[in-house]
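Close look at the chain arrangement
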Amino acid sequence: MKITLTEFVTLDGVSQGPGSPDEDTSDGFTRGGWLVPHIEGTFVQRVSGWLDLADGLLLGRRTYEAFARDWPRITDPADPFAERMNTLPKYVVSNTLTEGAWHPTTVLKGDPVQTIGELKARPGRELQVHGSARLGGALLEAGLVDTLRLVVAPTVLRTGRRLLSGPGAPSGLRLTHHEATPNGLLLLEYEAAGRALHAEYEGVTAFI
């Protein structure tokens, strides 16, 4: 299976609490819900199309617990995501959880790079990481992420937990698709391209 990382971020890279003010208030964060004003039909169609490709969801403990709390409450049969989110196999990376209440769930213990590497070797389409920025960053550094999908909101928060921050080797990406929605969201899709490249600028003629 391919490992796909899907993240919602602001222009200054914040990934915390896109869906509601109380989605994730850890570390005193009070500016959640920043994605919602920009959601419209094009965004819903594209994200639904991405979810169509999933054979399972791969989540960190914090995101898993938030999703397990919120998604089962959505019972509207017209909701384009709820049925799939609630019925797809879930894999949660945690050494503290013993079982998951959001069925069907498998708890992955031990070294996540090893256990997820074993999952990745199975046949299938995509194993999708949603949110779970720390897990996603570790998998990207380990070379296990095949595709990164970003939804960038036209918002600057100046506070909150940022995507792919912290120590680790730099990663290279190759842009494969881009689109802007009517409400100003940027939908960006990248392929992982190994380590980030570096060079010294020697004048514009070197690029012509």
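Keep in mind the model is a prediction, meaning the values are calculated, not measured.

Parameters and conventions
- Residues numbered from 1 in each chain as written.
- Predicted model: local features only at pLDDT ≥ 70, side-chain atom pairs only at ≥ 80, totals over all residues.
- Heavy atoms only, no water.
- Helix = DSSP H or I, 4+ residues; strand = E, 2+ residues; numbered from the N terminus.
- Expected span 1.5 Å × (residues − 1).
- Buried < 20%, exposed > 50% of the residue type's maximum accessible area, 1.4 Å probe, protein only.
- Polar contact = N/O pair within 3.5 Å; in protein donor to acceptor, adjacent residues only side chain to side chain.
- Pairing = 2+ DSSP bridges.
- Axes fitted to C-alpha atoms, helices over the stretch in contact; angles between N-to-C directions.
- Contact = heavy atoms within 4.5 Å.
- Patch = residues over 30% accessible without salt bridge, like charges linked within 9 Å, V, L, I, M, F, W, Y side chains within 5 Å.
- Areas by Shrake-Rupley, 256 points an atom, 1.4 Å probe, with all protein chains shown as cover.
- Salt bridge = Lys/Arg side-chain N within 4 Å of Asp/Glu carboxyl O.
- UniProt positions renumbered as here; feature names shortened; annotations may be inferred.
- Lys, Arg positive; Asp, Glu negative; His and termini not counted.
- Arc of directions from axis to C-beta.

Points about helix 1 (residues 41-52)
Between the first and last C-alpha of helix 1 there are 16 Å, a value that for twelve residues agrees with the 16 Å anticipated at 1.5 Å per step. Listed in full, the buried residues belonging to helix 1 are Thr 42, Phe 43, Val 47, Ser 48, Trp 50 and Leu 51. Two or three places before Thr 42, at the opening of helix 1, Glu 40 has a side-chain oxygen 2.9 Å from that residue's backbone nitrogen.

Some details on the sheet that holds strand 1 (residues 2-10)
Across a sheet, strands are paired by hydrogen bonds formed along the backbone, either parallel or antiparallel in direction. Across the sheet, which stays open at both edges, the eight strands sit in the order 4-3-2-5-1-6-8-7 with mixed pairing between neighbours. Only two strands of the sheet have a single neighbouring strand rather than two, namely strand 4 (105-108) and strand 7 (171-180). Shown here is a sheet whose adjacent strand axes are inclined to one another by a mean of 25°, direction ignored. In this sheet, strand 8 (residues 186-195) lies alongside strand 7 in antiparallel orientation, the contact comprising eight bridges. Residue pairing across strands places His 178 opposite Leu 188, the latter belonging to strand 8.

What to know about the environment of Thr 176
Here Thr 176 is to be found in strand 7. Spatially, the C-alpha atoms of Thr 176 and Leu 188 are 7.9 Å apart, while their sequence positions differ by twelve residues. Excluding its chain neighbours within four sequence positions, the residues that come into contact with Thr 176 are Glu 189, Tyr 190 and Glu 191.

Quick word on a nonpolar patch on the surface
Where nonpolar side chains cluster on the molecular surface, the patch consists of Tyr 201, Val 204, Phe 207 and Ile 208 and spans about 560 Å² of accessible area. When you line up the elements, Tyr 201 lands in the segment after strand 8.

Quick notes on the UniProt feature "domain: Bacterial bifunctional deaminase-reductase C-terminal" (unreviewed entry) in the protein chain
Taking the UniProt record as the reference, the feature "domain: Bacterial bifunctional deaminase-reductase C-terminal" (unreviewed entry) is found at residues 2-187. The straight-line gap between the two end C-alpha atoms of residues 2-187 is 19 Å; of that span, 25% is helix and 26% is strand.

Concerning the side chain of Glu 7
Tracing the chain through its elements places Glu 7 in strand 1. For the buried Glu 7, no salt bridge is present, and the opposite-charge side chain at shortest range is Arg 161, 8.8 Å distant. Apart from the residues within four sequence positions on either side, Glu 7 is in contact with Ser 15, Gly 131, Ser 132, Ala 133, Arg 149, Leu 150, Val 151 and Leu 163.

Notes on helix 4 (residues 112-120)
If you check which residues of helix 4 are buried, you get Thr 115, Ile 116 and Leu 119. Down the axis, helix 4 shows its buried residues gathered within 95° of arc, on one side only. Between a side-chain oxygen at the N-terminus of helix 4 and the backbone nitrogen of Val 113 the separation is 3.1 Å; the capping residue is Asp 111.

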